[in-house]
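So you can see what is in the structure, the chains are spelled out below.
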Amino acid sequence: MKKYYIKDIQQFKQKKIKFATITAYDYLSAKIINDLDFPLILVGDSASMVIYGYDDTTPISMDEMLLVLRAVVRGAKTSLVVADMPFLSYQPSIEETIKSAGTFIKNGANAVKLEGGGGGACERVRALVDSGIPVVGHIGLMPQSINASSGYSIQGKTERQASKIICEARNLEKSGIFSLVLEGLPENLAELITKQLNVPTIGIGSGKKCDGQIQVFHDVLGFDSSFLPKHAKKYLNGYDAIFQGLEKYKEDVKKMVFPGKEHSVNLNKKILKKVSENN
Ligand code: KIV
């Protein structure tokens, strides 16, 4: 398998090939995703919840993201690795943006993603692209703005909001993004944006008309028994599978079924005899 570059992601759109992408947070998961030939892996700031157990994406730090990124990079030999810029790693200034994104690139990321479509976000995208760092944009529902937007909800439902989002998408494209995540948009609005842009759109909770899709690893594999976002589909009941596996291990230890003969070795009988006589 050959390494994916940003031009390969862009060619999916030109060739009208729909593509799936996914998040990853550790070495072995990244290796499986890579073996499946996923073209793009996002080291999402959703690690904040699924890896570190925070309530939302605002607390995760650069250092916490870097630990996860380095593990993923070791497993993802051919997939393009995009590192999500955590809250406050780019908002303060353009300098801070380049420093944070550059740190991700130095640690093996091939590109970064940041949220926002206003003037400030576009300036940051331009500065990154000028520094040789490819950028994925992210508009619509932006989880890092949970406090400003009073929770998570579908965006762009009114004429004014929809026009603003279309304008943001166009401005981000002009600023140099190579792809754009559309989160939590009505399907027909995401379709309109997808048709207007030359760069591929990657949807999450925005219907099937985007060029590609992205999902959170733990959602599609059903790790959380108590929560599944509306936009996600459970392809595996991971919680039950893991629960049952661990339950069986626990029981086997109690009943001395595990470890079995095949899991250990014995000392030669003569040596054992000598050892027990002399000790
Ligand atoms: O962090 C994340 O998981 C994301 C989504 C777009 C998948 O940003």
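Residues numbered from 1 in each chain as written. Predicted model: local features only at pLDDT ≥ 70, side-chain atom pairs only at ≥ 80, totals over all residues. Heavy atoms only, no water.

Draft legend 1. Spatial organisation of the packing of aromatic side chains. Taken as a whole and judged by the stated rule, the model has 5 aromatic pairs. Taking 4.9 Å as the distance between ring centres and 20 degrees as the angle between the ring planes, the aromatic pair formed by Phe-12 and Phe-19 counts as stacked. On the basis of relative accessible area, Phe-12 is assigned to the buried category, the value being 15%. Judged by its relative accessible area of 6%, Phe-19 is buried. Its guanidinium or amino end placed over the ring of Tyr-4, Lys-2 lies 4.9 Å from that ring's centre, counting from NZ or CZ. (Phe/Tyr/Trp six-rings, centres within 6.5 Å; stacked < 30°, edge-to-face > 60°. Buried < 20%, exposed > 50% of the residue type's maximum accessible area, 1.4 Å probe, protein only. Lys NZ or Arg CZ within 6 Å of the ring centre and 35° of its normal.)

Draft legend 2. Spotlight on the side chain of Thr-57. With respect to the helices and strands, Thr-57 occurs in the loop between helix H3 (47-50) and helix H4 (62-75). What Thr-57 contacts, discounting residues up to four positions off in sequence, is Asp-45, Ser-46, Ser-48, Met-49, Phe-87, Pro-143 and Gln-144. (Helix = DSSP H or I, 4+ residues; strand = E, 2+ residues; numbered from the N terminus. Contact = heavy atoms within 4.5 Å.)

Draft legend 3. Representation of unusual backbone geometry. The peptide bond linking Phe-258 to Pro-259 adopts the cis configuration, its omega dihedral lying at -5 degrees. Tracing the sequence through the fold places Pro-259 in the loop between helix H10 (238-254) and helix H11 (269-278). In this structure, Asp-37 is a non-glycine residue whose phi angle is positive, near 65 degrees. Despite not being glycine, Met-256 has its phi angle at roughly 60 degrees, a positive value. As for its placement among the helices and strands, Met-256 is situated in the loop between H10 and H11.

Draft legend 4. Local environment of the pairing of strand E7 (residues 201-204). The alternating pattern of E7 places Thr-201 and Gly-203 and Ile-202 and Ile-204 on opposite faces, both of which are buried. For the handedness criterion, the β-α-β arrangement of strand E6 (residues 179-183), helix H8 (residues 187-196) and E7 is classed as right-handed. Here E7 pairs with strand E8 (residues 212-215) via 2 bridges, running parallel. From the neighbouring strand, Ile-202 faces E8, where its bridge partner is Gly-212. (Right-handed = clockwise from strand over helix to strand, strands pointing away. Pairing = 2+ DSSP bridges.)

Draft legend 5. Structural context of the domain arrangement of the protein chain. By the assigned domains, the protein chain splits into domain 1 (6-236) and domain 2 (241-278). Centre-to-centre separation of domain 1 and domain 2, based on C-alpha positions: 47 Å. (Domains from an automatic or database assignment.)

Draft legend 6. Focus on the packing of helix H7 (residues 159-175) against H8. H8 packs onto H7 with a crossing angle of 30 degrees between their chain directions and a minimal axis gap of 10 Å. It follows that H7 is roughly parallel to H8 by the angle criterion. Crossing of H7 against H8: the hand is right-handed. Taken together, the residues of H8 that come into contact with H7 (itself represented by Ala-162, Ile-165, Ile-166, Ala-169, Arg-170 and Glu-173) are Leu-189, Leu-192, Ile-193 and Gln-196. Split by residue class, the contact of H7 with H8 holds 7 nonpolar, 1 polar and 2 charged. (Axes fitted to C-alpha atoms, helices over the stretch in contact; angles between N-to-C directions. Parallel < 35°, antiparallel > 145°, perpendicular 65-115°, else oblique. Left-handed = near helix turned anticlockwise from the far one by under 90°. Nonpolar A, V, L, I, M, F, W, Y, C, P; charged D, E, K, R; others polar.)

Draft legend 7. Region of interest: helix H2 (residues 27-35). Residues Ser-29, Ala-30, Ile-33 and Asn-34 constitute the buried set of H2. Along the axis of H2, the buried residues cluster in a sector spanning 135 degrees; they form a single face. The exposed set on the far side of H2, more than 90 degrees from its buried face, consists of Leu-28, Ile-32 and Asp-35. Where the residues of H2 are buried, they touch strand E1 (19-23), strand E2 (40-43), H4 and helix H9 (217-220). By the N-cap criterion, in which a side-chain oxygen at the helix start approaches the backbone nitrogen of a residue two or three places on, H2 is capped by Asp-26, the distance to Leu-28 being 3.1 Å. Positive phi appears at Asp-37, one or two residues downstream of H2, with a value of about 65 degrees. (Arc of directions from axis to C-beta. Polar contact = N/O pair within 3.5 Å; in protein donor to acceptor, adjacent residues only side chain to side chain.)

Draft legend 8. Geometry of the site of the ligand. Lining the immediate environment of the ligand, one finds Thr-23, Leu-42, Gly-44, Asp-45, Ser-46, Asp-84, Lys-113, His-138, Val-181, Ile-204, Ile-214 and Val-216. A distance of 3.1 Å separates an oxygen atom of the ligand from a polar side-chain atom of Asp-84. Among the residues making up the shell around the ligand, the classes are represented as 5 nonpolar, 4 polar and 3 charged. (Near = heavy atom within 4 Å.)

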